[in-house]
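Here are the chains, one letter per residue:
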Amino acid sequence: METAGAVADHLGLSVTPNPAFAEFDFGTWSGMSIADLDLREDWKTFCQFRSSTRAPGGELITEVQTRMVTALAELSSKHQNQTVAVFSHADAIKSVLLHYLPAPTDNINRLVIDPASISVVTLYPWGPLISGINL
């Protein structure tokens, strides 16, 4: 929300929050360090099989992907021939890119999304076009 607000202020626009674009819910792992997670067998399984391993008390990456892609389709329908900026977090963005490529969500760790980077996806009636990742 902070990044969206800064961009909106600069452009003289408003921000419309949408929970569909929230970060991946890591459940009980939220706030744990990677060093601590790396000691856990369930974390190792999660990292290898993201499509079918749920974060304890959290989400499957396929659930994140479904909510994100559904919300993007709704935005595309509502704002035909317009540019819309959506702000989210790395794993959520990766899940969208994997959907539109298409590639299995188990490949999520093969993508890098840097903080404050831009990925560009255009949703045409004939299908998606990815013209930039991690810009």
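Residues numbered from 1 in each chain as written. Predicted model: local features only at pLDDT ≥ 70, side-chain atom pairs only at ≥ 80, totals over all residues. Heavy atoms only, no water.

Turning our eyes to something else, we now look at the overall build of the chain. For the chain, the count of helices and strands is 5 helices and 2 strands. When its helices and strands are written in sequence order, the chain yields α-α-α-α-α-β-β. Against the 2.2 N^0.38 benchmark of 14 Å for 135 residues, the chain shows a C-alpha radius of gyration of 16 Å, consistent with a compact globule. Here the C-alpha coordinates of the chain stretch approximately 45 × 35 × 25 Å along the principal axes. (Helix = DSSP H or I, 4+ residues; strand = E, 2+ residues; numbered from the N terminus. Rg over C-alpha atoms; globule rule 2.2 N^0.38 Å.)

The next point concerns the packing of helix α4 (residues 61-78) against helix α5 (residues 90-100). Running from N to C, α4 and α5 point in directions that differ by 75°, and their axes come no closer than 9 Å. Accordingly, the angle class assigned to the pair α4 and α5 is roughly perpendicular. The segment α4 lies against α5, with Ile61, Val64, Gln65, Met68, Val69 and Leu72 engaging Asp91, Ala92, Ile93, Ser95, Val96, Leu98, His99 and Tyr100. A breakdown of the residues in the contact of α4 with α5 according to their chemical character gives 10 nonpolar, 3 polar and 1 charged. (Axes fitted to C-alpha atoms, helices over the stretch in contact; angles between N-to-C directions. Parallel < 35°, antiparallel > 145°, perpendicular 65-115°, else oblique. Contact = heavy atoms within 4.5 Å. Nonpolar A, V, L, I, M, F, W, Y, C, P; charged D, E, K, R; others polar.)

Here the focus is the nonpolar core. Counting 24 residues, the largest nonpolar core has Phe24, Trp29 and Phe46 as the members making the most contacts within it. Put simply, the parts of the chain that give this core at least two residues each are α3 (41-48), α4 and α5. Looking at this core element by element, the count peaks at 7 residues for α4. Leaving out residues up to four positions away in the same chain, Phe46 has contacts with Phe24, Phe26, Trp29, Thr53, Arg54 and Ala55. (Core = buried A, V, L, I, M, F, W, Y, C linked by side-chain atoms within 4.5 Å. Buried < 20%, exposed > 50% of the residue type's maximum accessible area, 1.4 Å probe, protein only.)

Don't take any of this as a statement about function, it's just geometry.
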